Amino acid sequence: MDDLEGKVAVITGAASGIGRALADRWATEGMKVVLADVEAGPLDAARDELDAAGADVLAVRTDVSDGDQVDALAGATLEHFGAVHLVCNNAGVGGGGLSWEATQEDWDWVLGVNLWGVIHGIRAFVPHLVAQDEGHVVNTASIAGFAYAPMMGPYNASKAAV
C-alpha cells in the first residue's frame, strides 16, 4: 500500500506505548484507526485525543487473549468502516522472575496476550485481507525473541513464538 489515505488500521494495545505511537502515526497518514485495548480508561482517553486531532477513530475494548473478543473486534471494524487494510497485533505484557517460580496463571497471562493475541488477530483478520486482495499484518515481537534476558522466561518464550 503506497497510499494510506482513507485506509483502515487496527491496532491492539493501542492505548499506550508502541500501540499508541502506531495509532498516532497512522492517523497522521490519513488512515482511519481502530484502537483496541483491555484498559477502558486509557482507551477512551486515546480515542478522545485522536478524535480531537481530527482522526476518524473507533475504540473497542478488547482482551486479545480471548478469541471471541478479537472476532468481535474484527466484526466491529468491518461494520463501522467496511474494510480493514492494516492489522497491528501489538498488545503485550511483561512477566519476570525465575521460570520455575512462575505460576500457571503467570504463564497463561503472558502467553495469552503475547502469543494467543497475535494468533487470534491473524485468524480473525487475515481472511478479510486475503478476500479484498490488499492489506498487511504487523506482529510486534521483541529482541527478547532472539536474545533471552534472564528472569524473563514467560516473556522470552512468548516473543520467540511470535
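Everything in this summary refers to the structure shown in the same document. (Residues numbered from 1 in each chain as written. Predicted model: local features only at pLDDT ≥ 70, side-chain atom pairs only at ≥ 80, totals over all residues. Heavy atoms only, no water.)

It is worth spelling out the side chain of Thr 140 at this point. If you trace the backbone, Thr 140 turns up in the loop between β5 (136-139) and α5 (153-161). Look at Thr 140 and you get buried, because its relative accessible area is 17%. Setting aside its immediate chain neighbours within four residues, Thr 140 contacts Asn 89, Asn 90, Lys 159 and Val 162. (Helix = DSSP H or I, 4+ residues; strand = E, 2+ residues; numbered from the N terminus. Buried < 20%, exposed > 50% of the residue type's maximum accessible area, 1.4 Å probe, protein only. Contact = heavy atoms within 4.5 Å.)

Quick look at the layout of surface pockets now. The calculated volume of the largest pocket comes to roughly 460 Å³. Looking at the largest pocket, it is lined by 29 residues, and the ones nearest its centre are Gly 13, Ala 91, Gly 92, Val 93 and Val 113. Counting residues per element, the ones that place at least two in the lining of the largest pocket are α1 (17-28), β2 (32-37), α4 (104-132) and α5. The element that contributes the greatest number of residues to the lining of the largest pocket is α4, accounting for four residues. Of the residues contributing to the lining of the largest pocket, the split by class is twelve nonpolar, twelve polar and five charged. (1 Å grid on protein atoms, 1.4 Å probe; cavity = no way out; pocket = protein on both sides within 12 Å on 5 of 7 lines; lining within 4 Å. Points joined across faces, edges and corners; volume = space filled by probe spheres on them. Nonpolar A, V, L, I, M, F, W, Y, C, P; charged D, E, K, R; others polar.)

What follows is about the sheet that holds β5. If you walk across this open sheet you meet the five strands as β3-β2-β1-β4-β5, and the pairing is parallel. Pairing within the sheet leaves two strands with one partner each, and these edge strands are β3 (57-61) and β5. Neighbouring strand axes in the sheet, compared pairwise and without regard to direction, differ in orientation by 15° on average. The pairing of strand β4 (residues 86-89) with β5 spans four bridges and is parallel. (Pairing = 2+ DSSP bridges. Axes fitted to C-alpha atoms, helices over the stretch in contact; angles between N-to-C directions.)

Attention now goes to the pattern of salt bridges. Working definition: two side chains of opposite charge can pair if their charged atoms are close together. Applying the stated criterion to the full structure yields seven salt bridges. Of the charged contacts, one joins Glu 134 and Lys 7 as a salt bridge, the two residues approaching to 2.5 Å between their closest N and O atoms. With a gap of 127 residues between them, Glu 134 in the loop between α4 and β5 and Lys 7 in the segment before β1 (8-12) connect regions that are remote in the sequence. For Glu 134, a relative accessible area of 30% puts it in the partly exposed group. Across the pair Arg 47 and Asp 44 runs a salt bridge, and its minimum N-O distance is 3.3 Å. With Arg 47 and Asp 44 both in helix α2 (residues 40-52) and three residues apart, this pair spans about one turn of that helix. A residue is classified by how much of its surface remains accessible, and Asp 44, at 32% relative accessible area, is partly exposed. (Salt bridge = Lys/Arg side-chain N within 4 Å of Asp/Glu carboxyl O.)

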